[in-house]
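Summary of the model geometry
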Amino acid sequence: MTPTSRLCQSNIFKKHSELLSRDARVILSYERARAVGLAYGITLHDTLDLTQKFWDMHIDPIMVLDGAASTLLTIQYNLVAGTLAQYAATTRPDLVSLVEDILRWDVIGQFCLTELGRGLDIFRMKTSATLLPTGEFDLHTPLPSDAKFMPPTVPVKGLPCVAIVFAQLLLPPRGGSTPINHALTSFNHVRLPPSALLGDLDKSNRMHRDFMHSIWRVAVGSLALGSIAIPDLQMASYIAARYFQRRHVTGVHGNPVPIISYRTQQLPLLHAIAQAFVLRALYKMAIKQFMDKNLDVRVRHGVAACCKAVMVQHAQFANFALSERLGAQGLFEYNWLSKIYSEMRGVSIAEGDILALSMRLVADTLAQAYTLPLSTHPDGPLALHEISLFTEATEMVSSQSDFTQGFMQYVQPRCQLMVESMGHRMAHDAAVDQGVSRCLVDLYLVNAIKTDSAWYVERNIFTRQTIMRMEDAALSAALPLLDELLAAMEIEPYVPSPIISDEHWEKFSKTLP
């Protein structure tokens with residue numbers, strides 16, 4: 001039982017938000033985010049020290065029920081409260097009361113980093129904060145393209161809103177797929193008190209490194225927000241499974257048979273279920289490595305990037321494949337799969353765009369800047385595949401007269417595939433090491449192999465027929481356990497889709513105009 005097992009059955013989550021106006025849906029999402037946050041009772045300690053409670057909140061099935069609420073929740077608790085908590089616990093104890101107000105949702109917090117005209121190149125931001133003779137700061141947006149992009153700073157419910165705003169500090173010469181209220185936020189010489197500055201006035205001699213440290217909660221978000229893919233997979237597979245069991249067609253002998261009888265339904269369904277269990281093991285392993293302060297911070301960020309890449313990859317493929325198997329029902333928002341697919345697109349960009357994270361990680365790996373933790377099963381096919389991809393990339397750029405040009409021309413287009421291969425290997429290792437059911441691990445393995453089956457065939461590791469037989473054997477072993485696996489996910493109380501049973505459908509149909 002999770003802290004939200006009762007909350008998901010409450011009126012606030014039973015409302016059909018798709019029937020509300022846009023403004024009403026935004027307000028409802030704020031109310032839901034607040035309710036989830038308060039149910040978990042996240043404290044300053046939890047967000048500062050990244051306790052298990054903090055990580056568990058992000059894989060709570062209730063996060064799937066409202067993508068906007070999930071976004072607001074992770075901004076509020078991770079980016080804003082988490083960033084302020086670093087200062088509140090050290091140099092700025094006066095911020096403790098503000099952090100507590102944010103955690104209680106008495107104040108809404110926002111994180112204004114990205115600029116409209118900068119995108120991922122935010123280190124070259126144009127928003128400025130100029131120190132005035134009075135000790136105050138003049139916060140200013142020079143051009144429309146310099147406006148802060150996306151943070152939902154539009155006032156809601158009459159609550160005060162504060163924001164962490166990243167800006168260039170200018171000193172005078174001296175000696176030395178749910179709607180959310182996203183916005184463009186600009187500043188016209190806003191006068192701020194001296195206490196508005198979270199850092200200090202001294203110019204850093206490690207500017208880029210210190211900037212990356214100041215936004216380190218984005219890396220936390222890469223892992224935490226990406227993990228929403230786990231309840232996402234649970235939700236999608238449960239809806240599809242129950243519909244496949246319920247929906248009947250006329251079989252070859254003229255008798256009605258459930259469509260779950262067909263391999264075309266079984267394959268995407270059981271692969272999604274296997275991924276849900278395996279990714280949970282990956283998440284547990286990744287948290288342990290991410291929290292290991294003995295590891296280089298770049299290694300910890302790299303682990304988070306691999307996890308996000310592979311989690312989003314699996315969730316999006318499953319959402320698309322399962323929604324197609326639902327036929328026309330897969331198109332409607334009330335059945336959730338198309339909605340989840342759209343919201344996961346946002347997750348893939350938020351807290352670190354996957355492609356950009358992949359390019360940085362591969363470039364650093366080829367440059368031998370650091371090394372991610374090695375495989376615990378180095379002779380396994382996924383580990384061999386990962387090593388081969390990086391060996392090929394190294395040889396490719398080394399043969400070019402210009403490393404950078406060679407990287408951009410030949411390696412950059414393959415970076416995401418390479419990072420996903422690392423994620424596949426990590427997930428498989430974690431599942432094996434943590435004792436996930438063999439049939440689920442086997443299903444996960446064959447699905448990962450199929451993402452680049454040509455490599456395995458080229459290396460004479462598997463033939464296409466061997467891969468097909470491996471998949472069939474794993475599926476045949478897992479299928480009799482379907483109801484047991486669905487129950488083990490403990491997702492049913494959170495499922496809002498009406499197509500999972502005749503009773504739910506009848507109740508839903510009575511609400512239609």
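This part is about the overall build of the protein chain. A count of helices and strands for the protein chain gives 21 helices and 10 strands. Radius of gyration (C-alpha) of the protein chain: 24 Å, near the 24 Å computed for a compact globule of 513 residues. With the principal axes as the frame, the protein chain shows a C-alpha extent of 90 × 65 × 35 Å. Counting only carbon and sulfur atoms, one obtains 57% of the accessible surface of the protein chain, whose full area is about 23900 Å². Here the protein chain carries 45 positive and 49 negative side-chain charges, and the mean point of each set is 2 Å from the other.

A few words on the packing of helix H10 (residues 263-290) against helix H17 (residues 438-450). Packing of H10 against H17 leaves a shortest axis separation of 9 Å and a crossing angle of 105°. Between H10 and H17, the crossing angle belongs to the class labelled roughly perpendicular. Every residue of H17 that contacts H10 at Leu270, His271, Ala274, Gln275, Phe277 and Val278 is listed here: Leu440, Leu443, Tyr444, Val446, Asn447 and Lys450. Across the contact of H10 with H17, the residue classes tally to eight nonpolar, three polar and one charged.

Glancing now at the pattern of salt bridges. On inspection of all chains with the given rule, the structure shows 25 salt bridges. Of the charged contacts in the structure, one is a salt bridge between glutamate 458 and arginine 459, with a shortest N-O distance of 3.4 Å. On the basis of relative accessibility, which here comes to 56%, the residue glutamate 458 falls in the exposed class. Judged by relative accessible area, arginine 459 falls into the partly exposed class, the value being 36%. Through salt bridges with shared partners, a single ionic network connects Glu115, Arg118, Asp146 and Lys148.

It is worth spelling out the sheet that holds strand E8 (residues 190-192) at this point. Strand order across the open sheet formed by four strands is E6-E2-E3-E8, with mixed pairing between neighbours. In this open sheet, the two edge strands, each paired with only one partner strand, are strand E6 (168-170) and E8. The average undirected angle you get between the axes of adjacent strands in this sheet is 25°.

To continue, consider the environment of histidine 271. Relative to the assigned elements, histidine 271 resides in helix H10. Using a relative accessible area of 8% as the deciding quantity, one classes histidine 271 as buried. A C-alpha to C-alpha distance of 9.1 Å links histidine 271 and serine 237, two positions 34 residues apart in sequence. Excluding its chain neighbours within four sequence positions, the residues that come into contact with histidine 271 are Leu443, Val446, Asn447, Lys450 and Glu471.

With that settled, the discussion passes to the pairing of strand E1 (residues 108-112). By the criterion of burial, E1 is predominantly enclosed, with five of the five residues buried. In the sheet, E1 pairs with strand E5 (residues 161-165) via five bridges, with the strands oriented parallel. What sits directly across from phenylalanine 111, in E5, is isoleucine 164.

Aromatic ring pairs are reported here in terms of the distance separating the ring centres and the angle at which the planes meet. Inspection of the entire model under this criterion finds 12 aromatic pairs. A centroid spacing of 6.2 Å and a plane angle of 80° characterise the contact between tryptophan 55 and tyrosine 283, whose relative ring orientation is edge-to-face. As far as the burial class goes, tryptophan 55 and tyrosine 283 line up, both buried. A ring pair is formed by tryptophan 55 and phenylalanine 290, whose centres lie 5.9 Å apart and whose planes are at 80°; its orientation type is edge-to-face. Of the residues examined, tryptophan 55 reaches a relative accessible area of 0% and is grouped as buried. For phenylalanine 290, a relative accessible area of 2% puts it in the buried group. The ring centre of phenylalanine 290 lies 5.8 Å from the NZ or CZ of arginine 300, which sits over that ring.

On to the packing of helix H11 (residues 297-325) against helix H13 (residues 354-366), then. Close contact between H11 and H13 brings their axes to 10 Å; oriented N to C, the two are set at 135°. By the angle class used here, H11 and H13 are oblique. Crossing hand, H11 versus H13: left-handed. Taking contact as the criterion, the partners of Gly302, Ala305, Cys306, Lys308, Ala309 and Val312 in H11 are, on H13, Ile354, Leu357 and Leu361.

Mapped onto the secondary structure, arginine 425 falls in helix H16 (residues 415-433). Among the polar contacts made by the side chain of arginine 425, one reaches the main-chain carbonyl oxygen of proline 373 at a distance of 3.4 Å. In this view, arginine 425 contacts Pro373, Leu374, Ser375, Leu382, Ala383 and Glu386; residues no more than four positions away in its chain are not counted.

It is worth spelling out H17 at this point. Between the first and last C-alpha of H17 there are 18 Å, a value that for 13 residues agrees with the 18 Å anticipated at 1.5 Å per step. Of all 13 residues in H17, 10 are buried, a share of seventy percent or more.

On the surface, Leu116, Phe149, Met150 and Leu184 cluster together to form a nonpolar patch covering roughly 350 Å² of accessible area. You can see methionine 150 is positioned in the loop between strand E4 (148-149) and E5.

Under the definition given, this model contains zero disulfides. Of all cysteine sulfurs, the one in cysteine 306 lies closest to cysteine 415, which takes part in no disulfide; the gap is 12 Å.

Positive phi, close to 50°, is recorded for histidine 189, a residue that is not glycine. By secondary structure assignment, the location of histidine 189 is in the loop between strand E7 (184-185) and E8. Here the phi dihedral of glutamate 490 falls at roughly 55°; this positive angle occurs in a residue that is not glycine.

This part takes up the side chain of serine 323. Within the element layout of this structure, serine 323 appears in helix H11. Look past the residues within four positions of serine 323 in its chain and what remains in contact with it is Ala318, Gly330 and Leu337.

The subject of this paragraph is the nonpolar core. Grouped together as the largest cluster of nonpolar side chains are 143 residues, with contacts concentrated most on Trp55 and Leu269. Residues within four places of tryptophan 55 in sequence aside, it is in contact with Leu50, Val220, Leu223, Ala224, Tyr283, Ile287, Phe290 and Met291. In terms of nonpolar packing, the next biggest core, distinct from the first, is built from nine residues, Leu382, Val446, Ala448 and Trp455 among them.

Taking 1.5 Å per residue as the helical rise, H11 with its 29 residues ought to reach 42 Å, and the 42 Å between its terminal C-alpha atoms agrees with that figure. Where burial is concerned, most of H11 is hidden: 21 out of the 29 residues are buried. The backbone nitrogen of arginine 298 has a side-chain oxygen 2.7 Å away, supplied by the residue at the start of H11, namely aspartate 296. At the C-terminal side of H11, glycine 327 shows a positive phi close to 65°.

Conventions adopted
Residues numbered from 1 in each chain as written. Predicted model: local features only at pLDDT ≥ 70, side-chain atom pairs only at ≥ 80, totals over all residues. Heavy atoms only, no water. Helix = DSSP H or I, 4+ residues; strand = E, 2+ residues; numbered from the N terminus. Rg over C-alpha atoms; globule rule 2.2 N^0.38 Å. Areas by Shrake-Rupley, 256 points an atom, 1.4 Å probe, with all protein chains shown as cover. Lys, Arg positive; Asp, Glu negative; His and termini not counted. Charge placed at Lys NZ, Arg CZ, Asp CG, Glu CD. Axes fitted to C-alpha atoms, helices over the stretch in contact; angles between N-to-C directions. Parallel < 35°, antiparallel > 145°, perpendicular 65-115°, else oblique. Contact = heavy atoms within 4.5 Å. Nonpolar A, V, L, I, M, F, W, Y, C, P; charged D, E, K, R; others polar. Salt bridge = Lys/Arg side-chain N within 4 Å of Asp/Glu carboxyl O. Buried < 20%, exposed > 50% of the residue type's maximum accessible area, 1.4 Å probe, protein only. Pairing = 2+ DSSP bridges. Phe/Tyr/Trp six-rings, centres within 6.5 Å; stacked < 30°, edge-to-face > 60°. Lys NZ or Arg CZ within 6 Å of the ring centre and 35° of its normal. Left-handed = near helix turned anticlockwise from the far one by under 90°. Polar contact = N/O pair within 3.5 Å; in protein donor to acceptor, adjacent residues only side chain to side chain. Expected span 1.5 Å × (residues − 1). Patch = residues over 30% accessible without salt bridge, like charges linked within 9 Å, V, L, I, M, F, W, Y side chains within 5 Å. Disulfide = S-S within 2.5 Å. Core = buried A, V, L, I, M, F, W, Y, C linked by side-chain atoms within 4.5 Å.

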